[in-house]
Amino acid sequence: MGLSFFALSLFLFLGLDLDGGSPTIVESAANDEGIEITYGSVVKLMHERTKFRLHSHDVPYGSGSGQQSVTGFPNVDDANSYWIVRPQPDSSDKQGDVIKSSSIIRFQHMRTRKWLHSHLHASPISGNLEVSCYGGDGVSDTGDYWRLEIEGSGKTWKQDQRVRLQHIDTGGYLHSHDKKYSRIAGGQQEVCGVREKRADNVWLATEGVYLPVNESK
């Protein structure tokens with residue numbers, strides 16, 4: 001009930017056109033498999049090994065860029081872990097289109113409207129590439145671009161499918177690990193970028209509100 005009310009409020013807030021069908025609401029990773037992820041869907045990204053969700057909140061890093069921090073969060077039900085999947089600004093892709101392997105995509109943090117971002121600043125704990133949130137509605141640059149790499153034989157991105165996200169500007173893969181912040185509540189762990197493919201840069205789209213596939217394309 002709570003998530004259904006949240007989903008309705010969310011779609012009203014975003015002004016999304018649902019004439020093509022009802023959204024699919026996924027409350028846990030175990031509920032459904034094989035749901036297509038489309039542009040405009042709102043998802044949580046789970047780090048495969050640690051099960052932490054990609055998270056951000058309006059708290060800046062105390063070092064590096066000083067931009068809005070991005071962490072891994074242990075609790076499933078946190079509202080600061082929702083991300084809207086967007087295409088590049090100049091792309092012909094639109095809301096409801098499926099997302100193919102090797103597509104360049106962006107993730108907009110639902111609460112703060114900023115974009116998942118990376119650059120050459122050092123991450124606070126491990127000294128890898130810092131991952132932050134930057135910009136906002138109408139303010140985005142190539143530092144917000146990520147290439148989707150689907151693990152296995154899948155051609156389009158689906159819920160609970162193993163993927164890697166490679167940052168276009170730096171070549172770093174979205175990465176997390178067991179290293180935790182001592183001064184941040186809730187046992188949050190570092191999210192960063194590393195340039196090598198490792199077991200710790202695999203993610204899955206789990207809970208979320210999935211827009212129906214646009215059949216007109």
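Everything here concerns the structure above.
Bear in mind that the values here come from a model prediction, so they are computed numbers and not experimental data.

Each value, and the rule that gives it
Throughout, residues of each chain are indexed from 1 in the direction in which the sequence is written. pLDDT decides what is reported in this predicted model: residues at 70 or higher carry local features, side-chain atom pairs at 80 or more are listed and counted, and totals for whole chains, interfaces and linings draw on all residues regardless. Think of the side-chain values as coming from all heavy atoms in the structure, minus any hydrogens and water. Only DSSP runs of H or I with at least four residues qualify as helices, and only runs of E with at least two residues qualify as strands; both kinds are numbered from the N terminus onward. Each residue's exposure class comes from its accessible area (1.4 Å probe, protein chains only) as a fraction of the maximum for that residue type: buried when under 20%, exposed when over 50%, partly exposed otherwise. Only heavy atoms enter the contact rule, under which two residues are in contact if any of them lie within 4.5 Å. Per-residue and other accessible areas follow the Shrake-Rupley method at a 1.4 Å probe size, with only the shown protein chains counted as cover for residues. Centres within 6.5 Å make a pair out of two Phe, Tyr or Trp rings, where for Trp the six-membered ring is used; the pair is then stacked when the planes are under 30 degrees apart, edge-to-face when over 60, and tilted otherwise. When the NZ atom of lysine or the CZ atom of arginine is within 6 Å of a ring's centre and also within 35 degrees of its normal, the charge is said to sit over that ring. Criterion for a salt bridge: a side-chain nitrogen of Lys or Arg within 4 Å of a carboxyl oxygen of Asp or Glu.

A.B. asks: Run through the overall build of the protein chain, naming residues and quoting values.
C.D. replies: In terms of regular secondary structure, the protein chain is built from 1 helix and 13 strands. What you see in the protein chain, going N to C, is helices and strands ordered as α-β-β-β-β-β-β-β-β-β-β-β-β-β. When the 217 residues of the protein chain are sorted by exposure, 51% land in the buried category. Taking the intrachain contacts of the protein chain between residues at least 6 apart in sequence as the baseline, contacts between residues at least 24 apart amount to 68%. Total accessible area on the protein chain stands at roughly 9700 Å², and carbon and sulfur atoms take up 49% of it.

A.B. asks: Would you mind going over the packing of aromatic side chains in detail, with residue names and values included?
C.D. replies: Taken as a whole, this structure holds 1 aromatic pair when the rule is applied. Its end group placed over the ring of tyrosine 82, lysine 44 keeps NZ or CZ at 4.6 Å from the ring centre. Directly above the ring of tryptophan 115 sits arginine 106, whose terminal nitrogen or CZ lies 4.0 Å from the centroid.

A.B. asks: Tell me what's going on with the pattern of salt bridges, and back it up with residues and numbers.
C.D. replies: Counting across every chain of the model gives 9 salt bridges. When the shortest N-O distance is used, the salt bridge between aspartate 178 and arginine 49 registers 3.1 Å. With aspartate 178 in strand E11 (residues 173-180) and arginine 49 in the loop between strand E2 (42-47) and strand E3 (53-60), the pair connects residues that are 129 residues apart, well separated along the chain. The partner of arginine 162 in a salt bridge is glutamate 151, with the nearest N and O atoms 3.9 Å apart.

A.B. asks: Provide a residue-level description of unusual backbone geometry, including the pertinent values.
C.D. replies: Despite not being glycine, serine 102 has its phi angle at roughly 80°, a positive value. Among the secondary structure elements, serine 102 is positioned in the loop between strand E5 (83-87) and strand E6 (104-109). By relative accessible area, which is 44% here, serine 102 ends up partly exposed. Even without glycine at this site, arginine 113 takes up a positive phi of about 70°. Summarising the element assignment, arginine 113 is placed in the loop between E6 and strand E7 (115-122). On the basis of relative accessibility, which here comes to 16%, the residue arginine 113 falls in the buried class.

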